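Tertiary structure, described
One-letter residues, chain by chain:
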There are 2 protein chains.
Amino acid sequence: MTTVGHSLGGACGKIDGVPPTTFTAVTALTPMPDAPGRFAAAIHPEWTIGGKPNGGYLLAMLGRAAAEVGTHPHPIAASAHYLRSPEPGPVEVCVEVLRTGRTASQLRTQLRQADELCIEALVTTSELRPDGEPYWDGLPRPVPVPFDECVRLPPVTPLGIEVAILRHAEVRLAPSSLGFANGRPSGSGELHGWLSLPESEHLDPMFLLYAVDAFPPATFEVEPTGWVPTLELTAYVRALPAPGPVQVLHKAFLIDAQRVDEACWVWDCRGRLVAHGTQLAGIRLG
Amino acid sequence: MTTVGHSLGGACGKIDGVPPTTFTAVTALTPMPDAPGRFAAAIHPEWTIGGKPNGGYLLAMLGRAAAEVGTHPHPIAASAHYLRSPEPGPVEVCVEVLRTGRTASQLRTQLRQADELCIEALVTTSELRPDGEPYWDGLPRPVPVPFDECVRLPPVTPLGIEVAILRHAEVRLAPSSLGFANGRPSGSGELHGWLSLPESEHLDPMFLLYAVDAFPPATFEVEPTGWVPTLELTAYVRALPAPGPVQVLHKAFLIDAQRVDEACWVWDCRGRLVAHGTQLAGIRLG
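Residues numbered from 1 in each chain as written. Chains lettered and ligands numbered in written order. Predicted model: local features only at pLDDT ≥ 70, side-chain atom pairs only at ≥ 80, totals over all residues. Heavy atoms only, no water.

With that out of the way, let us pick up the overall build of chain A. Helices and strands together make up the secondary structure of chain A, namely three helices and 16 strands. Relative to the globule expectation of 19 Å for 286 residues, the C-alpha radius of gyration of chain A, 18 Å, shows essentially globular dimensions. Over its C-alpha atoms, taken along the principal directions, chain A stretches across nearly 55 × 45 × 40 Å. Sequence-distant contacts, at least 24 apart, represent 70% of the contacts inside chain A between residues at least 6 apart. Approximately 10200 Å² of chain A is accessible, and the part contributed by carbon and sulfur atoms is 53%. A distance of 3 Å separates the average location of the 21 positive side-chain charges in chain A from that of its 30 negative side-chain charges. (Helix = DSSP H or I, 4+ residues; strand = E, 2+ residues; numbered from the N terminus. Rg over C-alpha atoms; globule rule 2.2 N^0.38 Å. Contact = heavy atoms within 4.5 Å. Areas by Shrake-Rupley, 256 points an atom, 1.4 Å probe, with all protein chains shown as cover. Lys, Arg positive; Asp, Glu negative; His and termini not counted. Charge placed at Lys NZ, Arg CZ, Asp CG, Glu CD.)

Take the pairing of strand β11 (residues 170–173) of chain B next. All names here are of chain B. Neither face of β11 is open: one carries E170 and R172, the other V171 and L173, and all of them are buried. Two elements, strand β10 (residues 151–152) and β11, share two bridges in a ladder whose sense is antiparallel. In the sheet register, V151 faces β11, and the bridge partner there is L173. As paired elements, β11 and strand β12 (residues 190–196) share four bridges and run antiparallel to each other. By the bridge assignment, E170 is partnered in β12 with S196. (Buried < 20%, exposed > 50% of the residue type's maximum accessible area, 1.4 Å probe, protein only. Pairing = 2+ DSSP bridges.)

Right, let's get into the side chain of T48 of chain A. Mapped onto the elements, T48 of chain A comes out in strand β3 (residues 48–49). Not counting residues up to four positions away in its chain, the partners in contact with T48 of chain A are P53, N54, P88, V163, A164 and I165 of chain A.

So, on to the interface of chain B and chain A. Counting residues at the interface gives 57 residues for chain B, matched by 57 residues for chain A. Between chain B and chain A the total buried area reaches about 4800 Å² when both faces are included, carbon and sulfur atoms providing 56% of it. Run the count over chain B and chain A and you get six salt bridges. Where R108 of chain A meets E120 of chain B, a salt bridge forms, and the shortest distance between an N and an O atom there is 2.6 Å. The element best represented in the side of chain B that touches chain A is strand β8 (residues 116–126) of chain B, accounting for seven residues. Partitioned by chemical class, the residues of the side of chain B that touches chain A number 28 nonpolar, 15 polar and 14 charged. (Buried area = accessible area lost by both parts, 1.4 Å probe. Salt bridge = Lys/Arg side-chain N within 4 Å of Asp/Glu carboxyl O. Nonpolar A, V, L, I, M, F, W, Y, C, P; charged D, E, K, R; others polar.)

This brings us to unusual backbone geometry. At Q258 of chain A, a position not held by glycine, the phi torsion is positive, near 60°. Note on placement: Q258 of chain A falls in the loop between β14 (246–256) and β15 (259–267). Residue D115 of chain B is not a glycine yet carries a positive backbone phi of 70°. Locating D115 of chain B in the fold gives a position in the loop between β7 (105–113) and β8. Assessed through its relative accessible area of 71%, D115 of chain B is described here as exposed.

This paragraph deals with the pattern of salt bridges. One pass over the structure, following the stated rule, counts 30 salt bridges over all chains. When the shortest N-O distance is used, the salt bridge between D268 of chain A and R270 of chain A registers 2.7 Å. Take R270 of chain A: its relative accessible area is 47%, and that puts it in the partly exposed class. Each of the salt bridges in this network shares a partner with another, and the network as a whole consists of E96, R108 and E120 of chain A together with E96, R108 and E120 of chain B.

Screw-axis analysis of chain B against chain A gives a translation of 0.0 Å along the axis, an RMSD of 0.0 Å, and a rotation angle of 180°. One copy is carried onto the other by what is essentially a two-fold rotation axis. Residues of chain B ranked by C-alpha distance from the rotation axis are headed by S79 of chain B, positioned 3.1 Å from it. Both copies share a contact surface, since 100% of the interface residues of chain B are interface residues in chain A too. (Least-squares fit on C-alpha atoms with pLDDT ≥ 70 in both.)

This part takes up the packing of aromatic side chains. Applying the stated criterion to the full structure yields 18 aromatic pairs over all chains. Arranged with centres 6.0 Å apart and planes meeting at 75°, the rings of F147 of chain B and W194 of chain B form a pair that is edge-to-face. Here F147 of chain B is found in the loop between β9 (136–137) and β10, whereas its partner W194 of chain B is found in strand β12, with 47 residues between them in sequence. Of the aromatic side chains, those joined through ring pairs into one cluster are F23, W47, Y57, F207 and Y210 of chain A. (Phe/Tyr/Trp six-rings, centres within 6.5 Å; stacked < 30°, edge-to-face > 60°.)

As a further point, take helix α2 (residues 55–69) of chain B. Residues and elements named next belong to chain B. The terminal C-alpha atoms of α2 lie 21 Å apart, and with 15 residues this matches the ideal 21 Å at 1.5 Å per residue to within 8%. Counting buried residues along α2, 13 of its 15 residues qualify, which places the element largely inside the surrounding structure. Capping of α2 at its N-terminal end is provided by N54; its side-chain oxygen lies 2.8 Å from the backbone amide nitrogen of G56. (Expected span 1.5 Å × (residues − 1). Polar contact = N/O pair within 3.5 Å; in protein donor to acceptor, adjacent residues only side chain to side chain.)

The subject of this paragraph is empty space enclosed by the protein. On inspection of all chains with the given rule, the structure shows one cavity of 30 Å³ or more. Here the largest cavity is characterised by a volume of approximately 30 Å³. Lining the largest cavity are F253, A263, W265, H276 and T278 of chain A together with F253, A263, W265, H276 and T278 of chain B. For the lining of the largest cavity, the secondary structure elements donating two or more residues are β15 and β16 (273–282) of chain A together with β15 (259–267) and β16 (273–282) of chain B. Residue composition of the lining of the largest cavity, grouped by class: six nonpolar, four polar and no charged. (1 Å grid on protein atoms, 1.4 Å probe; cavity = no way out; pocket = protein on both sides within 12 Å on 5 of 7 lines; lining within 4 Å. Points joined across faces, edges and corners; volume = space filled by probe spheres on them.)

Bringing the state of the cysteines into the picture now. All names here are of chain B. For the coordinates displayed, the defined rule picks out zero disulfides over all chains. In this structure C94 is not part of a disulfide, and its nearest cysteine sulfur, from C118, lies 11 Å away. Exposure remark for C94: the relative accessible area of 14% places this residue in the buried category. Considering cysteine sulfurs only, C264 is the nearest to C150, which forms no disulfide, with 14 Å between them. (Disulfide = S-S within 2.5 Å.)

Moving on, we come to the pairing of strand β5 (residues 74–82) of chain B. Residue and element names in this part refer to chain B. In terms of burial, β5 is a largely internal element, nine of the nine residues being buried. Direction of pairing for β5 relative to strand β13 (residues 230–237): antiparallel, over a ladder of five bridges. Of the residues in β13, the one forming a bridge with S79 is T234.

Here chain A shows a mean pLDDT of 92. Residues at 70 or above account for 93%. A low-confidence stretch, residues 1–14 of chain A stays under pLDDT 50, and its non-local contacts, those more than four residues away or across chains, total 47 contacts. (pLDDT = per-residue confidence, 0-100.)

In structure tokens:
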């Protein structure tokens, strides 16, 4: 059992000996010559959990491709079904425009590796306005623990799985969400905390597609398990995030028949809800 | 302003003068000869809101097609992006198998009308077991008001929009969720109640794809508006429903930039969570 009673890095996200990989760099796309809507990309070997790439990270690549190809700059709804987990290394990202509208467009995106389809995702894009204010909310609230009072997670889970991505993205949990790390899950199925990118990188809506899947399984605060592979992930991007870390509430709802559904809410440092995610994942419980 | 202080029908869902249309009938698919994975279907003119078909009803058609074509019988995750609203009348449903696995498969489905793509949905199918019990839950709870003490919604909204579908599907709301109907929304953004099909029809997982979108906008308990068109709808089917009405909690989270996200939880009459939905919709507020 690994404890997380000490922080492994500062707010800038640097960890000894590991050169930082920016989110922009690890989601970069290179258009293929003479192949409209097709891009070469590479899954970074360090944006992984137990050697498998994070599902939200891959969805961010697909969202970036959709925004690149479509006429609207921001993914506002993205729904991915995960067919097989690709390996770190080269992949191909393909986009097909389904409809181009005045205020929104829909695109179909795919991530392929060695000619096998790994993920297909539908993406609706639009343009999020930098101004504007929420009209009403009935949102849950994250526990109000400041960034610096949260504890940075180390790159290994309580059951010993290497989580290399945590050397780059900085996940910090509120002390009340750390029962699992000390062998005493609270039973709440909730994780509260903060997420920050290396190098204080500018946050864009693609980052938010990753952010809704960046936290450990919220089921760790029920019972720690091995890998919890995402089967389906839906992300709604609701506003452009202000610079700085984002606050996250990740919550499990139901473990049944070896599947769990989780919701994730992401607020920027102004306290504005910027993204909401929901996912269905496999789990070795129930 | 229409009040809903009286029930318009009994548990069997019949309303004077309207012949009942079963859910099975209005989601029926006819395989096209010599065209594997293609079906003819018809959108029923009465399964509509203001003349537009209900989004969950259409997703149920797509889920039925996916189950028909794939090797697994039950949709467990379905994610639909709505491109344009089809009219009642003939449509074509197309399915393409993306991957067939041992325990789950993924399929791409489309609903087309007059050669235009109206909806594309990704569907993961599997086989839900009739036995088995939930392992853990951190679910919200619906208010415990019995079916008969809830009030059946009439086929018209407070702002006068005809909701013909309510002549067939029976939506009953708890008295505490009826503020909007009397011009006094509670501000909670929550609707609690029950849903029942005509003719006491057997409930299958396709019904649950509709059930997560069957209630009025939960925003009615913030401020009644006109049509709230679904942009994206994701449904997770978690268990096979027991016969009888299902209990529903429909909740709005955030109205921002003329969009709202809503979650919906559906329990069968055993009190077991059988489906969870989340959607992003357009709204003329914010």
